[in-house]
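Read off the chains here:
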Amino acid sequence: MTASLDDCSLTDIPLIAQACSITFQGNASNNLQQDAFFFLDNWYQEDLGVMAVTPVAAPFCLAVSDGVASSNHSQYCSKAVVKAIRRLWNEQKSINSDNIHQLINQTKHSAKCHGAAATLAMVIGEFDSDRALKATITHVGDSRVYWLPKGASQWQCLTRDHNLLNELIDQQAQEQSRQAEFSDYNREGMAGSLYSITECFALTADDSYLSSEAPEGSSCKIEVNSGDCILVCTDGIHDLVPSHEWQPISAKTDLQDWLINLKNQVYDSDDNGTAILVRFD
């Protein structure tokens, strides 16, 4: 895989970061790559690949989409999601779950794809009016975004999975008249059924999309500083290697080597995996 910024832009737009991505099929029982991703200016769906470390200018967009394995032909849905992101990005339109939902279901899909589903995790970076760099984090389902502030040793998860377990946590907090703590979410080692996804994109093969609702995505915004890192990934990464086992990153860390090392830790898994890593200068 290759990716690059437009040559003329490099002389006109200040570069703010470096980014790299990795994707792999793993040993998925269906022998399919159900992950897809958007990297700066294009979408990809590859069995195995590592990007060259690529300079990043603002504004930028990085996203991953994971086909939900229980749905039929979900690789088509993840691909439709990132293709919709590319279209919205190129047309300079707002990239949110409503607009993605409308685009993917205005396209006529074959009957075999009906019900195919996918998740999303996305980061859009841009300068605000005060020239502070802000990252807008958007996600649907259980693909995640992590943040490593400069000098920190532990990655912080910025996204709350849309699954049954977290809904039950919210319900319990509400019954106790309190606000759930973010640390309560995304628990590990629970019964498998509790991880069932409650929000996702889905393809339709008829006019039913006209009455269907867009998934309820979640969004937050953080200020990004020099030396910070962000990782956008599918569950094939964070389910197999918890973030407390990830290595920290310094200004001298080779981003490709870091991602390859992460891949080597999870490559014997039964799932696809995709991760995009960005380090801010």
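Draft legend 1. The arrangement of the pairing of strand β15 (residues 273-280) in detail. Counting buried positions over the eight residues of β15 gives eight, a clear majority of the element. Across the two faces of β15 the burial is the same, with Gly 273, Ala 275, Leu 277 and Arg 279 and Thr 274, Ile 276, Val 278 and Phe 280 all buried. The pairing of strand β1 (residues 15-24) with β15 spans eight bridges and is classified as antiparallel. Bridging from a neighbouring strand, Phe 24 pairs with Gly 273 of β15. The sheet contact formed by strand β14 (residues 229-233) and β15 spans five bridges and is antiparallel. Within β15, the position partnered with Val 232 by the bridge is Ile 276.

Draft legend 2. Region of the structure containing the packing of aromatic side chains. Summed over all chains, the structure comprises seven aromatic pairs. Taking the centre distance of 6.4 Å and the plane angle of 90° together, the rings of Trp 246 and Trp 258 count as edge-to-face. Note that Trp 246 is positioned in the loop between α4 (235-238) and α5 (255-266) and Trp 258 in helix α5, a separation of 12 residues in sequence. For the pair formed by Trp 246 and Trp 258, the shared burial category is buried. Of note, Arg 131 hangs over the ring of Phe 127, and the distance from its end group to the ring centre comes to 4.1 Å. The ring of Tyr 185 carries Arg 160 above its face, with NZ or CZ at 5.0 Å from the centroid.

Draft legend 3. Structural detail: the pairing of β14. With five of five residues buried, β14 is to be regarded as a mostly interior element. Here β14 shows a buried face lined by Cys 229, Leu 231 and Cys 233 and a second buried face lined by Ile 230 and Val 232. Two strands pair when backbone bridges link them, and strand β10 (residues 144-148) and β14 are joined in this way by five bridges, in the antiparallel orientation. Bridge pairing links Tyr 146 to Leu 231 in β14.

Draft legend 4. Spotlight on α5. The end-to-end C-alpha distance of α5, which contains 12 residues, comes to 17 Å, matching closely the 16 Å that a straight helix rising 1.5 Å per residue would cover. Within the span of α5, buried status applies to Leu 255, Trp 258, Leu 259, Leu 262, Lys 263 and Val 266. Angular distribution of buried residues about the axis of α5 spans 135°; they occupy a single face of the element. Taken together, the buried residues of α5 touch β1, β14, α4 and β15. With a side-chain oxygen positioned 3.0 Å from the backbone nitrogen of Gln 256, the residue opening α5 is Asp 254.

Draft legend 5. Up close: the pattern of salt bridges. Under the defined criterion, the tally for this structure stands at six salt bridges. Notably, a salt bridge pairs Lys 93 with Glu 91, separated by 3.2 Å at the nearest N-O pair. By relative accessible area, Lys 93 is classed as partly exposed at 48%. On the accessibility criterion, Glu 91 (37% relative accessible area) is partly exposed. Residues participating in the shared-partner salt-bridge network are Arg 87, Glu 91 and Lys 93.

Parameters at a glance
- For every chain, the first residue of its written sequence is number 1, and the numbers climb from 1 along that sequence.
- Local features in a predicted model are, by the rule used here, given only for residues with pLDDT of at least 70; side-chain atom pairs are given and counted only at 80 or more, and totals for whole chains, interfaces and linings are based on all residues.
- Side-chain metrics in this entry use all non-hydrogen atoms of the structure; hydrogen atoms and water are not considered.
- Think of it in three bands: with a 1.4 Å probe and only protein chains considered, a residue is buried below 20% of the maximum accessible area for its type, exposed above 50%, and partly exposed in between.
- Going along the chain from the N terminus, every DSSP run of H or I of four or more residues is numbered as a helix, and every run of E of two or more is numbered as a strand.
- What makes two strands pair is DSSP finding at least two bridges between them.
- When the centres of two rings from Phe, Tyr and Trp lie within 6.5 Å, Trp using its six-membered ring, the rings pair. Their planes under 30 degrees apart give stacked, over 60 give edge-to-face, and anything left gives tilted.
- Here, a charge over a ring means that NZ of Lys or CZ of Arg falls within 6 Å of the ring centre while also lying within 35 degrees of the ring normal.
- A helix is expected to span 1.5 Å for every residue after the first.
- Arc definition: it is the arc formed by the directions from the helix axis to the C-beta atoms.
- For this analysis, residues touch if any pair of their heavy atoms sits within 4.5 Å.
- Under the rule applied, a polar contact is a pair of N or O atoms within 3.5 Å (in protein, one hydrogen donor and one hydrogen acceptor; residues adjacent in sequence only if both atoms are side-chain atoms).
- The rule for a salt bridge is simple: a side-chain nitrogen of Lys or Arg has to be within 4 Å of a carboxyl oxygen of Asp or Glu.

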